[in-house]
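The primary structure of each chain is shown beneath.
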Amino acid sequence: MRTPEFWRRDGLPARALAPAAWVYGAVAAVRRRTARAARPPVPVVCVGNLVAGGAGKTPVALALGAKLAAGGHRVHFLSRGYGGRETGPLLVDPARHAADAVGDEPLLLARVAPTWVSADRAAGAAAAAEGGAGLIVMDDGHQNATVAKAYSIVVVDGAYGFGNGRLLPAGPLRETVATGLARADAVVTIGPDEAGTGALLPSGVRALGGRLVPPPDGAGIAGKAVVAFAGIARPEKFFASLRTLGCRIEHARAFADHHRFRASEIAALLETARKLDAVVVTTAKDAVRLPPAARADVQVLDIAVAWDDEEAAEALMEEIEERTG
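The structure displayed is predicted, hence computed values, not measured ones.

(A) Inspection of the side chain of Glu-105 at higher detail. Position of Glu-105 relative to the elements: it lies in helix H5 (residues 104–109). In this view, Glu-105 contacts Lys-57, Thr-58, Asp-139, His-258 and Lys-285; residues no more than four positions away in its chain are not counted.

In structure tokens, the structure reads:
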């Protein structure tokens with residue numbers, strides 16, 4: 001689905017859906033209170049968010065996992081595998097599994113470390129531990145109370161913040177801000193804090209800032225005319241990244257988050273690019289959902305987290321090491 005525009009502000013649609021949001025919040029609260037948290041034999045670091053999609057949690061999880069692995073930890077990722085049909089626990093094999101089987105985000109995570117998908121997070125954590133994990137980085141799952149976490153990181157989009165501050169479906173929140181932040185050990189804000197979420201952080205919560213940046217060489221597309229498309233929660237962020245590289249966006253198309261691309265859709269974009277003398281470009285997350293025959297014709301712009309304060313990032317890593325060691 002596409003993120004509804006009214007989730008950004010508290011207008012009539014949001015107020016009309018307030019009763020449904022109350023029910024959603026009540027049911028979610030009961031589930032959290034009654035869930036039994038399994039304690040896996042290895043520590044779990046959770047990278048999650050409070051809103052539905054688009055905060056930047058997967059790039060943060062990738063950066064965290066890569067750093068921990070470089071420090072000698074046997075890191076395995078754990079994901080629900082949203083958008084895939086496999087319920088797991090299943091070890092992702094990028095050479096064998098496609099996005100429609102395991103989801104798009106696990107395929108990105110599997111580039112860095114062994115990755116498991118499991119609808120039952122506790123079972124997934126147990127499988128990862130049995131499969132050799134010394135530390136599990138769980139991508140998403142801040143609201144999942146079935147697994148005990150050694151450390152919890154909440155990722156926030158600096159421009160979007162917590163939207164209109166309402167629960168689903170009246171707003172983007174999976175739980176109230178106060179409840180979600182009370183369980184956070186650290187909050188990572190991606191991009192300038194235009195929404196002012198930093199003022200909402202409880203005392204004692206570590207706060208960091210970062211940016212999602214393209215590779216230094218711009219993946220070979222810097223300064224070019226492009227036809228850009230993305231099926232992510234906030235495609236405007238991708239289009240903005242292209243502009244920072246000096247790309248001229250001749251045509252842009254936004255699809256729904258986790259959209260499964262049809263060959264006809266990609267063919268139409270390629271034909272548009274041919275007429276405009278442009279190259280077709282998309283995100284790494286979208287690239288794994290392309291029809292195999294179309295992948296050679298589409299350029300991919302990858303992104304990574306760049307920390308605003310490297311010393312603060314190192315302090316975060318040290319704190320995680322203390323909690324998980």
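The rest of the description comes next.
(B) Just the sheet that holds strand S1 (residues 44–48), in detail. Pairing is mixed in the open sheet, where nine strands are placed in the order S3-S4-S2-S5-S1-S6-S7-S8-S13. Each edge of the sheet is formed by a strand with only one pairing partner; in this case those strands are strand S3 (90–91) and strand S13 (304–307). In this structure, strand S8 (residues 206–213) lies alongside S13, joined through four bridges in antiparallel fashion. Looking across to S13, one finds that Arg-211 is bridged to Ala-306. Across the face of the sheet, helix H3 (residues 57–70) comes into contact with S1, strand S2 (75–79), strand S5 (135–139), strand S6 (151–157), strand S7 (186–190), S8 and S13 while running at roughly 170° to S5.

(C) Geometry of the nonpolar core. By size, the foremost hydrophobic cluster in this structure holds 27 residues, and its most contacted members are Val-47, Val-60, Leu-64, Leu-68, Val-137, Ile-153 and Ile-320. Residue assignment for this core shows that the elements contributing at least two residues are S1, H3, S2, S5, S6, S7, S13 and helix H11 (310–324). With five residues, H3 is the single largest residue contributor to this core. Ignoring any residue separated from it by four or fewer positions in sequence, one finds Val-60 in contact with Val-47, Val-155, Val-188, Ile-190, Val-305 and Trp-307.

(D) Region of the structure containing the pairing of strand S11 (residues 279–283). For S11, a buried count of four out of five residues is recorded, marking the element as mostly surrounded by other parts of the structure. Bridge count between strand S9 (residues 225–230) and S11: three bridges; the pairing is parallel. Each residue of the ladder has a partner; that of Val-226, found in S11, is Val-279. Taken together, the three bridges between S11 and strand S12 (residues 299–301) define a ladder with parallel strand orientation.

(E) Structural detail: the packing of H3 against H11. Following both chains from N to C, one finds H3 and H11 inclined at 65°, their axes separated by 11 Å at the closest point. In terms of orientation, H3 and H11 fall into the roughly perpendicular class. You can see that H3 and H11 cross each other, and the crossing is right-handed. On H11, the residues touching Leu-64, Lys-67 and Leu-68 of H3 are Glu-314, Met-317, Ile-320 and Glu-321.

Each value, and the rule that gives it
- Residues numbered from 1 in each chain as written.
- Predicted model: local features only at pLDDT ≥ 70, side-chain atom pairs only at ≥ 80, totals over all residues.
- Heavy atoms only, no water.
- Helix = DSSP H or I, 4+ residues; strand = E, 2+ residues; numbered from the N terminus.
- Contact = heavy atoms within 4.5 Å.
- Pairing = 2+ DSSP bridges.
- Axes fitted to C-alpha atoms, helices over the stretch in contact; angles between N-to-C directions.
- Core = buried A, V, L, I, M, F, W, Y, C linked by side-chain atoms within 4.5 Å.
- Buried < 20%, exposed > 50% of the residue type's maximum accessible area, 1.4 Å probe, protein only.
- Parallel < 35°, antiparallel > 145°, perpendicular 65-115°, else oblique.
- Left-handed = near helix turned anticlockwise from the far one by under 90°.

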